[in-house]
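Listed here are the chains, written in short residue letters.
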Amino acid sequence: MPEISNFTMNFGPQHPSAHGVLRLVLELDGEVIVRADPHIGLLHRATEKLAEHKTYLQALPYMDRLDYVSMMCNEHAYCRAVEGLLDLEIPLRAQYIRTMFDEITRILNHLLWLGAYALDVGAMSVFLYCFREREDLMDVYEAVSGARMHAAYYRPGGVYRDLPEQMPKYQPSPYRNEQRLRELNDNRDGSVLDFIEDFTRRFPGYVDEYETLLTDNRIWKQRTVGIGVVSPERAIALGFTGPMLRASGVAWDLRRSQPYAAYEQLDFSIPVGKEGDCYDRYLVRVAEMRESNKIIAQCVDWLRKNPGPVIVDDFKVAPPSREEMKSSMEALIHHFKLFSEGMIVPAGEYYAAVEAPKGEFGIYLISDGANKPYRMKIRAPGFAHLAAMDEMTKGHMIADVVAILATMDIVFGEIDR
């Protein structure tokens, strides 16, 4: 009788649960995973190389397109690296605006993750609920930057502009009646800060809804408890960061251990798990959404009381105002030089990292004293997480591969770069 050998199966790249363009080659013994080999590079766009041929300002929008679910957090790491090379002091109001938008981005990321995870495991409603809340936050992105996703709102030296005094409203449309229009615009009469404050009041109730659907759900727990367990020692050895590391019981968060922006002035907790399985990773991220909501509320309170500049007053780095540019020859020259030649950054090297929603997102910049980076290296958190795929899935079933992959919160923009 011939010996039965393991057989190999392709999971992706067109598989709906492959979260983008992952090709996972699974070696199976029946339905049990013997080996999982992730093949990456299908979304490689040479971001690091492109940055070498763009000015420091032109390279900024590429950051939004890396982890395209945590746009402003990527921008923050890049801006911090450039500011480190320039040795810039950022206005405090800009630091608070950045902190607030970092946390709005964290909620955006975790909402997409939760909706997609639930969908992968077989729960449909959560996905629709999560996107309902994402819509409000996307509107805030659009209000400050003009774009729903690729904002390019942070700039070296601060942020592009102050928060608008008027939150954009829904316009009359043949597809909605006057009563529906009034309901939609009910919380949009004030400023962007008023709208964000209203959201922070509503959001805890929404998180309660997600938890009602999932946290004690029998099927959810059967699919996540004890699946993809990683010990604290292995999590550190594998280079895990963010919720993946904290769910294994390691209390490491850059917002606490190496504070940046305005995090030192704010009151928040770091959720930590203890089992290191898919269920704990879920609980950690849900708790993080609640903490982010608290941080946003504190930032709104501070920003109301403290007006001020939102970008450095240095025309070699930040452009003059439109008004000034049209009335002063010097300002016009500065403006022209800044957008044609770009800022000149002193020679040196700098690594800046932020606690992005997926983990430690870092930018390592080398400058040779010119107007373009000599070299840029991106430290993507998802890269280290995906590398652990083989270790985490071994001995599990094919259905568990989907749950483990989703719990990593994989986005290929940052992995393939």
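Residues numbered from 1 in each chain as written. Predicted model: local features only at pLDDT ≥ 70, side-chain atom pairs only at ≥ 80, totals over all residues. Heavy atoms only, no water.

Examining the pairing of strand S3 (residues 32-39)
In step 1: Pairing between strand S2 (residues 23-29) and S3: seven bridges, direction antiparallel. Counterpart to Leu26 in the pairing with S3 is Ala36.
In step 2: Between S2 and S3, which follow one another and run antiparallel, lie two residues, and Gly30 among them has a positive phi close to 70 degrees. (Pairing = 2+ DSSP bridges. Helix = DSSP H or I, 4+ residues; strand = E, 2+ residues; numbered from the N terminus.)

Quick look at the layout of surface pockets
In step 1: What the largest pocket holds in volume is close to 400 Å³.
In step 2: As for the largest pocket, its lining consists of 15 residues, and the residues nearest its centre are Tyr160, Ile311, Pro319, Pro320 and Ser321.
In step 3: Of all the elements in the fold, those that place two or more residues in the lining of the largest pocket are helix H13 (322-325) and helix H14 (329-340).
In step 4: By residue class, the composition of the lining of the largest pocket is nine nonpolar, two polar and four charged. (1 Å grid on protein atoms, 1.4 Å probe; cavity = no way out; pocket = protein on both sides within 12 Å on 5 of 7 lines; lining within 4 Å. Points joined across faces, edges and corners; volume = space filled by probe spheres on them. Nonpolar A, V, L, I, M, F, W, Y, C, P; charged D, E, K, R; others polar.)

A word on the nonpolar core
In step 1: Grouped together as the largest cluster of nonpolar side chains are 120 residues, with contacts concentrated most on Tyr78, Met100, Phe101, Ile104, Tyr153 and Ile363.
In step 2: What Ile363 contacts, discounting residues up to four positions off in sequence, is Met63, Ala77, Tyr78, Ala81, Tyr350, Tyr351, Ala352, Met376, Lys377 and Ile378. (Core = buried A, V, L, I, M, F, W, Y, C linked by side-chain atoms within 4.5 Å. Buried < 20%, exposed > 50% of the residue type's maximum accessible area, 1.4 Å probe, protein only. Contact = heavy atoms within 4.5 Å.)

Considerations on empty space enclosed by the protein
In step 1: Summed over the entire model, instances satisfying the criterion amount to one cavity of 30 Å³ or more.
In step 2: A volume near 40 Å³ is recorded for the largest cavity.
In step 3: Lining the largest cavity, in full, are Leu57, Arg155, Pro156, Ile311, Val317, Ala318, Pro319, Phe339 and Met343.

What to know about the environment of Asp194
In step 1: Inspection of the secondary structure puts Asp194 in helix H7 (residues 192-214).
In step 2: Overall, Asp194 belongs to the partly exposed group, its relative accessible area being 32%.
In step 3: Measuring from C-alpha to C-alpha, the distance between Asp194 and His53 comes to 41 Å, with 141 residues separating the pair along the chain.
In step 4: In this structure the side chain of Asp194 is engaged in a polar contact, spanning 3.0 Å, whose partner is the backbone nitrogen of Ser191. (Polar contact = N/O pair within 3.5 Å; in protein donor to acceptor, adjacent residues only side chain to side chain.)

Concerning helix H4 (residues 92-121)
In step 1: Between its terminal C-alpha atoms H4 stretches 43 Å, which fits the 44 Å expected from 30 residues at 1.5 Å a residue.
In step 2: Extensive coverage of H4 is indicated by the burial of 27 of its 30 residues.
In step 3: The positive-phi residue at the C-terminal boundary of H4 is Gly122, with phi of around 115 degrees. (Expected span 1.5 Å × (residues − 1).)

Brief notes about the sheet that holds S2
In step 1: Here three strands make up an open sheet; going across it, the order is S1-S2-S3 and the pairing antiparallel. Each of the sheet's edge strands pairs with one partner strand only, and the pair in question is strand S1 (7-11) and S3. Averaged over all pairs of adjacent strands, the angle between their axes in this sheet comes to 25 degrees, without regard to strand direction.
In step 2: By the bridge criterion, five bridges tie S1 to S2 in an arrangement that is antiparallel. Within S2, the position partnered with Phe11 by the bridge is Leu24. (Axes fitted to C-alpha atoms, helices over the stretch in contact; angles between N-to-C directions.)

Side note on a nonpolar patch on the surface
In step 1: A grouping of Leu119, Met124, Leu128, Tyr129 and Leu213 is seen on the molecular surface, where their side chains present a nonpolar patch of about 430 Å² in accessible area.
In step 2: Topologically, Leu119 is positioned in helix H4. (Patch = residues over 30% accessible without salt bridge, like charges linked within 9 Å, V, L, I, M, F, W, Y side chains within 5 Å. Areas by Shrake-Rupley, 256 points an atom, 1.4 Å probe, with all protein chains shown as cover. Salt bridge = Lys/Arg side-chain N within 4 Å of Asp/Glu carboxyl O.)

A closer look at the pairing of strand S7 (residues 359-367)
In summary, the side chains of a regular strand alternate between the two faces of the sheet.
In step 1: For S7, the tally of buried residues reaches seven of nine residues, placing the bulk of the element in the interior.
In step 2: Sheet topology places strand S6 (residues 348-356) next to S7; nine bridges connect them, and they run antiparallel. Across the sheet, Ala356 pairs through a bridge with Gly359, a residue of S7.
In step 3: Hairpin connection, S6 to S7: the antiparallel pair is bridged by two residues.

Structural notes on the pattern of salt bridges
In step 1: Tallying each qualifying case throughout the model produces 31 salt bridges.
In step 2: A salt bridge links Arg290 to Glu211, with the nearest nitrogen and oxygen atoms 3.0 Å apart. With Arg290 in helix H12 (residues 278-305) and Glu211 in helix H7, this residue pair connects regions lying 79 residues apart in the sequence.
In step 3: Residue classification places Glu211 among the partly exposed positions, given a relative accessible area of 21%.

A closer look at the packing of helix H3 (residues 71-86) against H4
In step 1: One can describe the packing of H3 onto H4 by two numbers: an axis separation of 7 Å at closest approach and a directional angle of 145 degrees. Contacts between H3 and H4 involve Met71, Met72, Cys73, His76, Cys79 and Glu83 from the first element and Arg98, Phe101, Asp102 and Thr105 from the second.
In step 2: Along the lines of polarity and charge, the residues of the contact of H3 with H4 split into five nonpolar, two polar and three charged.

Points about unusual backbone geometry
In step 1: The residue Ala46 is not glycine, and still its phi comes out positive at about 60 degrees.
In step 2: Mapping Ala46 onto the fold places it in the loop between S3 and helix H1 (47-51).
In step 3: Overall, the relative accessible area of 25% leaves Ala46 in the partly exposed class.
In step 4: Its identity is not glycine, yet Asp409 carries a phi of approximately 60 degrees, on the positive side.
In step 5: Locating Asp409 in the fold gives a position in the loop between helix H17 (398-407) and helix H18 (412-416).

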